[in-house]
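# Structural characterization, general
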Amino acid sequence: MTAIQHVFTESLPDLIDASEYSRYPDGALVRIRISVTDTGVEILGDGLRPEFIEQVLAAISVDPMEQMLCG
Amino acid sequence: MTADPGPQWRPAMFGEPAGSGRVRCTLCPFRCVLADGQAGVCKVRRNDAGTLRTATYTAGVVHLTAVERKPFYHVRPGAQVLTVAGPGCSFRCDYCINYRISQYGRDDAAPWLGEPALPAELAARAAAAGALLGMSYSEPSLAPELTLDLASHGVPVVWKSNGYVTAEAISVLAPALLAVNIDVKAADEASHRRLTGASLGPVWNAIERFHAAGVWVEISTPLIPGTSAAPESLRAIAARIASIDVNIPWHLLRFTPDYRLAGADPTPPSALTIGRSIGLDCGLLYVYVERALGPAGRNTACPQCQTQLVHRDVWQMVHNVIKGGRCPGCGFLMVGRW
């Protein structure tokens, strides 16, 4: 099994609004959007725990995986 | 797939002989004494046959984003920043979201990334975009050589840093920097050392030295459970900032569970509300929360007449009515690098 490649990207759309934070105090929220684009299928994930998003995306073999950086 | 070429090492600043072929690196307060072939705590500076060399003259990530993302709220609101980052950090923070680039040399999840930086090209690209140059994502203070070369092209340079840098390095680097945003991740030595692997004292020293040198300073504190999130911890941090300058903007960051702290809970918005009140209660004039508290948390108001001066959406400025560095309503001096 090879490691998933992580690619750092400038920006990704938000799927979670800040007003939702208080409804998920344990961070158990993952939201996935699947879109058909001109070049294929785009799978976008957002969540309050990055680990959960990555587990979901890895389970459906998203590779490489784009992510934003902090700062 | 081609093999990763790995880092390219080049002569580094802040190295001095330490006897018997060893070299002392005086860039950060660890002041590592390195035997031939040995790398420092940071893993990106090493003794190569008696010469200190660095791997940080590197562009692994180059992104053009808003200055508000660093975050800087009192530096050219609405400006873009061309951010350059290579692998490496002097800290090993348990919560680091950027560990895949910052923890190079410590964690197999952070492979080498990048090629030698080309300062003239980076500066030209920033200038063409009307942008500042930024160094962020990993630890910029580990790249003094690149910082100075970027600054030599006339585009202002900003850092998002852990502040773990020595007085002698600051004296050389401060003239090259427009602004620094420094993380204060804990209120006490034991908590800071547990979280980061490094002492807190030098971070405060760096903040004071950059501020005294005329570099614009903003401070960020992530509300980390068991480390910084408790009200008494936030009060201690806010009081220390206020003792330096009440004009220093304080950014309270929502903790996102990740890396070795993936099992903790995220910061509740109520804790950020409390933290903001604590900061203002300690006398700080500008305490910001980017997202969780809505526009009220990220807008800039005049401390004297409460006129809303800088309106922000998430990670971007909407409009700014500060004129000549003053509030147009009452003339209050708004300190920053506008």
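Above: the structure in question.
Residues numbered from 1 in each chain as written. Chains lettered and ligands numbered in written order. Predicted model: local features only at pLDDT ≥ 70, side-chain atom pairs only at ≥ 80, totals over all residues. Heavy atoms only, no water.

Contacts between chain A and chain B engage 23 residues on the former and 26 residues on the latter. Summing both sides of the interface, chain A and chain B together bury roughly 2,100 Å²; the carbon and sulfur share of this comes to 53%. Summed over the shared surface of chain A and chain B, the number is 3 salt bridges. Of the charged contacts, one joins A:Glu54 and B:Arg100 as a salt bridge, the two residues approaching to 2.8 Å between their closest N and O atoms. Here chain A and chain B share 12 residue pairs in polar contact (both at pLDDT 80 or more) between them. Among the secondary structure elements, those contributing two or more residues to the side of chain A that touches chain B are β1 (6-8) and α1 (50-59) of chain A. Top element by residues in the side of chain A that touches chain B is α1(A). It accounts for 3 residues. Of the residues contributing to the side of chain A that touches chain B, the split by class is 11 nonpolar, 6 polar and 6 charged. (Contact = heavy atoms within 4.5 Å. Buried area = accessible area lost by both parts, 1.4 Å probe. Salt bridge = Lys/Arg side-chain N within 4 Å of Asp/Glu carboxyl O. Polar contact = N/O pair within 3.5 Å; in protein donor to acceptor, adjacent residues only side chain to side chain. Helix = DSSP H or I, 4+ residues; strand = E, 2+ residues; numbered from the N terminus. Nonpolar A, V, L, I, M, F, W, Y, C, P; charged D, E, K, R; others polar.)

On to the side chain of B:Thr56. Residue and element names in this part refer to chain B. With respect to the helices, strands and loops of the structure, Thr-56 is situated in the loop between β6 (51-54) and β7 (58-59). Using a relative accessible area of 7% as the deciding quantity, one classes Thr-56 as buried. At a separation of 2.6 Å, a polar atom in the side chain of Thr-56 contacts the side chain of Thr-54. Engagement of the side chain of Thr-56 in a polar contact is seen with the backbone oxygen of Leu-142, the distance being 2.8 Å. (Buried < 20%, exposed > 50% of the residue type's maximum accessible area, 1.4 Å probe, protein only.)

Right, let's get into the nonpolar core. Residues and elements named next belong to chain B. Residues Leu-133, Trp-204, Ile-207, Phe-210, Ile-219 and Trp-250 are the most contacted members of the largest nonpolar core, which totals 86 residues. The biggest single contributor to this core is helix α7 (residues 231-244), with 6 residues. If near-sequence neighbours (up to four positions away) are discounted, Ile-219 is found in contact with Asn-181, Ile-182, Val-184, Trp-204, Ile-207, Ile-241, Ile-248, Pro-249, Trp-250 and His-251. Counting 10 residues, the second largest nonpolar core, distinct from the first, contains Val-67, Leu-132, Ala-179 and Trp-216. (Core = buried A, V, L, I, M, F, W, Y, C linked by side-chain atoms within 4.5 Å.)

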